[in-house]
Each structure stands twice: as structure tokens, then as C-alpha cells.
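# Descriptive analysis of the structure
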Amino acid sequence: MRYLKPIIKSMRPHQWVKNFMVFPALLFGGNVFDPLSQIVTFGGFVAFCLISGAVYLFNDLADVERDRVHPVKRLRPIPAGQLPEDVARTAVRVIVALAFALALGLNIISRKVGLDFAGILLAYLVLQIAYSKQLKHVVILDVMCIALGFVLRVAAGSALINVPNSFWMIACTTLLALFLGFGKRRHELTMLADGGKSHRKILQEYSTTFLDQMIAMVTAATVIAYSLYTMSEETIATFADKAVYLPLTIPFVLYGIFRYLYLVHQKEIGGSPTRALLSDKPILIDIALYFLCVVLILH
């Protein structure tokens, strides 16, 4: 219990907001008010919080020497000496075991949950380790790996309640994650400048001009993909007459994207999408109104 607080801090609880991406399948799958589906989806959310937290601990152990000379990262529990490295290694093993125990245990709660959810959780863990070890140093592929992490969360949400993965949901998630990823890289490049490149060498492969082109492309693609989803035959077949009102949610998506671009370009606070999403009231209100609108339309 002595090291519980630094362990939790190292697991980056503020980053767990990303794991809410297991919930869209519940929202768009027609099971949002089913108590059992709610329970297993929340259980899947907790499992992803555990596994992602273990990955952050693993990363801090791997980068401890570099972090000790970083102006901000040196304050993290492991490089600061608040959490011994041997304790952190043990914590990683225990947390990973708990995550997979929970993933397999959800099968007891609901027969809809199969081994595919545990398989997706394992794929996510392998991806994050590969990203930490090598892929984060490969230009473009580094951002695509971030996007794949979001896609796996969405796929996990579908596996939890045993509904088919929607092509449109996967496409929109991929494009939105690429948008956030390239926005993050742009902020890092402009704010950290030359000093930051020594800590994150992948930034040497990017330029603001290139990133602005990528952001412009995925921004347009995201809006078009979501707009097409709201009017697609698949959506109409799934939600029947209710689907006719889904295009009313497009303005919320537009505002959210434009607001995030404003934060990146004008306020220069887009380095951490999760922090921006949690601290910016207009975006929080926009997200809340979007989900309220979706629930009222579909359910």
C-alpha cells in the first residue's frame, strides 16, 4: 500500500478517457439501456484502463534514464525515485494479470462475451509494446499505431456485447484518431522545437507544413465519412425511420473538430488530446450534447 499512490500516478489516470472508445458499440448497437450490456462494457473499460496503465509503467521503466534529464518527465514517480524500479516491474505483471483475469471473467457475467475480447486486449498490449520499442520511431507509422489503438478499443466494445463491427464506425474512428495524432505531433513540433527533438527524435522527421497537409486531409475525410455514415444504407437498415434524424448530429462533429483545431493552432494546448478534451469546456459541452442527441434520436 505504501507505493499505491505513485503506481496509480504512473498509470496516467487522465489518459483513461481514451478507453471510453469501448462505449460507441453500446450506443450505436441498440443496447444502451440493457443493464447486462452496460455492466460488461464498463468491465471492458476497466480492463483497458488496467492494461494501458501497465503499458505506461512499462514505458517509464524503459525510458527512466532519458526521463531523468527531461524538464517535465523527471517529476514522474519512477525517474523521481518515488517508485522503486523493482516495485514497478512487479506492479506491471500484477496489473496485466488482473486485466486479463477481468477480461476472461466477463464471460461468466454474460455469454455474449467470448474469448475474442481477451484476444483484442492481447493484440492491444502487443501493439503498445511494439510501439514503445520500435514503431514510435517510424514516421507516419507512429501516428497510424495510435489510430489502431483506438480502433482496437472500438472493436473490443463490439466484442463485449457481441454485435458486428460497423465499417463506418471503424472508418470514422480511424480518421478521427489520425486527426488527433497528427494534431498532437504538430503541437509537439511547434512547442518543443529543437530541444524537444532530442527527447522525441521522431519529430525530426516531421515539419509543420507536412503535418498541416495531413491534418487538412484527415479533417475533410473524417467529416465526409461521418456524414456518409448518418445517411448510409447500413445505418437506415439498422435504425429504420430513426436514422433520418442522425444527420442532425453532424454540426456537433464539425464544431468539435474545428474547436480542437483552434486549440492546436491558436491556443497551442493540443499536445495532449486527453488534457484538451478534459479541460476545454466548449468541447466537453459539445461532446455531452452530441451523445444526448444520439440517445434521443436512436433510443
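Quick look at the structure, then. Values in this document were obtained by computation on a predicted structure and should not be read as measured data.

## With respect to the overall build of the chain
Secondary structure assignment for the chain yields 13 helices and zero strands. Start at the N end of the chain and walk to the C end: the helices and strands fall as α-α-α-α-α-α-α-α-α-α-α-α-α. In summary, the chain has a C-alpha radius of gyration of 20 Å against a globular reference of 19 Å for 299 residues, a match within 12%. For the chain, the spread of C-alpha atoms along the three principal axes comes to 60 × 50 × 30 Å. A sequence separation of at least 24 residues applies to 70% of the contacts in the chain between residues at least 6 apart. With the model as given, the accessible surface of the chain reaches about 14900 Å², and the carbon-plus-sulfur share is 67%. Across the chain, the centroid of the 28 positively charged side chains sits 8 Å from that of the 19 negatively charged ones.

## Considering unusual backbone geometry
Of all residues except glycine, most have a negative phi; of all peptide bonds, most are trans. The backbone phi angle of Arg12 is positive, close to 55°, even though this residue is not glycine. Positionally, Arg12 belongs in the loop between α1 (4-10) and α2 (24-28). Residue Arg12 is classed as buried on the basis of its relative accessible area of 9%. Phi is positive for Ala240, close to 55°, though the residue is something other than glycine. Secondary-structure assignment places Ala240 in the loop between α10 (233-239) and α11 (250-267).

## Observations concerning helix α9 (residues 208-231)
Between its first and last C-alpha atoms α9 spans 35 Å; for 24 residues at 1.5 Å apiece the expected length is 34 Å, and the two agree. Buried residues of α9: Leu211, Met214, Ile215, Val218, Thr219, Thr222, Val223, Ala225, Tyr226, Ser227, Tyr229 and Thr230, and no others.

## What to know about the packing of helix α6 (residues 115-133) against helix α7 (residues 141-161)
Across the interface, α6 lies against α7 with an axial gap of 9 Å and an inter-helix angle of 170°. By the angle between their directions, the pair α6 and α7 is classed as roughly antiparallel. Seen along the crossing, α6 lies across α7 with a hand that is left-handed. In this structure, α6 contributes Asp116, Phe117, Ile120, Ala123, Tyr124, Leu127, Gln128 and Tyr131 to the contact, and α7 contributes Asp142, Cys145, Ile146, Leu148, Gly149, Leu152, Arg153, Ala155, Ala156, Ala159 and Leu160. For the contact of α6 with α7, the residue count by class is 14 nonpolar, two polar and three charged.

## Thoughts on the pattern of salt bridges
Taken as a whole and judged by the stated rule, the model has 12 salt bridges. A salt bridge links Glu188 to Arg185, with the shortest nitrogen-to-oxygen separation between them at 3.1 Å. Of this pair, Glu188 and Arg185 both sit in helix α8 (residues 167-197), three residues apart, which is roughly one turn of that helix. For Glu188, a relative accessible area of 6% translates into the label buried.

## A closer look at the packing of aromatic side chains
Counted by the stated rule, this structure contains 13 aromatic pairs. Geometrically, the ring pair formed by Phe48 and Phe117 is edge-to-face, given 6.1 Å between the ring centres and 65° between the ring planes. Here the residue Phe48 occupies a position in helix α3 (residues 35-62), and Phe117 occupies one in helix α6, the gap between them amounting to 69 residues. With respect to burial, Phe48 and Phe117 carry one shared label: buried.

## Some thoughts on helix α13 (residues 281-298)
Over its 18 residues, α13 runs 26 Å from end to end, which matches the ideal 26 Å to within 8%, given 1.5 Å per residue. For α13, every residue scored as buried is listed here: Ile283, Asp286, Tyr290, Cys293, Val294, Ile297 and Leu298. Looking straight down α13, one finds its buried side chains confined to an arc of 105°; they lie on one side. Among the exposed residues of α13, those oriented more than 90 degrees off its buried face are Lys281, Ile285 and Leu296. Structurally, the start of α13 carries an N-cap: the backbone nitrogen of Ile283 is 3.2 Å from a side-chain oxygen of Asp280.

## Section: a nonpolar patch on the surface
Together, Val138, Val139, Ile140, Leu141 and Met144 make up an exposed nonpolar region whose accessible area comes to about 350 Å². Tracing the backbone through its elements, the reader meets Met144 in helix α7. With relative accessibility at 46%, the residue Met144 sits in the partly exposed group.

## As for the environment of Thr208
Structurally, the position occupied by Thr208 is in helix α9. Those residues in contact with Thr208, other than ones at most four positions away along the chain, are Arg186, Leu189 and Thr190.

## Regarding the nonpolar core
Membership of the largest hydrophobic core comes to 45 residues, with the highest contact counts inside it found for Phe28, Phe179 and Phe182. Going through the elements one at a time, α2, α7, α8, α9, α11 and α13 are the ones with two or more residues in this core. Core analysis: the second largest hydrophobic core is formed by 44 residues, Ala88, Ala91, Leu152 and Ala156 among them.

Scoring rules and cut-offs
- Residues numbered from 1 in each chain as written.
- Predicted model: local features only at pLDDT ≥ 70, side-chain atom pairs only at ≥ 80, totals over all residues.
- Heavy atoms only, no water.
- Helix = DSSP H or I, 4+ residues; strand = E, 2+ residues; numbered from the N terminus.
- Rg over C-alpha atoms; globule rule 2.2 N^0.38 Å.
- Contact = heavy atoms within 4.5 Å.
- Areas by Shrake-Rupley, 256 points an atom, 1.4 Å probe, with all protein chains shown as cover.
- Lys, Arg positive; Asp, Glu negative; His and termini not counted.
- Charge placed at Lys NZ, Arg CZ, Asp CG, Glu CD.
- Buried < 20%, exposed > 50% of the residue type's maximum accessible area, 1.4 Å probe, protein only.
- Expected span 1.5 Å × (residues − 1).
- Axes fitted to C-alpha atoms, helices over the stretch in contact; angles between N-to-C directions.
- Parallel < 35°, antiparallel > 145°, perpendicular 65-115°, else oblique.
- Left-handed = near helix turned anticlockwise from the far one by under 90°.
- Nonpolar A, V, L, I, M, F, W, Y, C, P; charged D, E, K, R; others polar.
- Salt bridge = Lys/Arg side-chain N within 4 Å of Asp/Glu carboxyl O.
- Phe/Tyr/Trp six-rings, centres within 6.5 Å; stacked < 30°, edge-to-face > 60°.
- Arc of directions from axis to C-beta.
- Polar contact = N/O pair within 3.5 Å; in protein donor to acceptor, adjacent residues only side chain to side chain.
- Patch = residues over 30% accessible without salt bridge, like charges linked within 9 Å, V, L, I, M, F, W, Y side chains within 5 Å.
- Core = buried A, V, L, I, M, F, W, Y, C linked by side-chain atoms within 4.5 Å.

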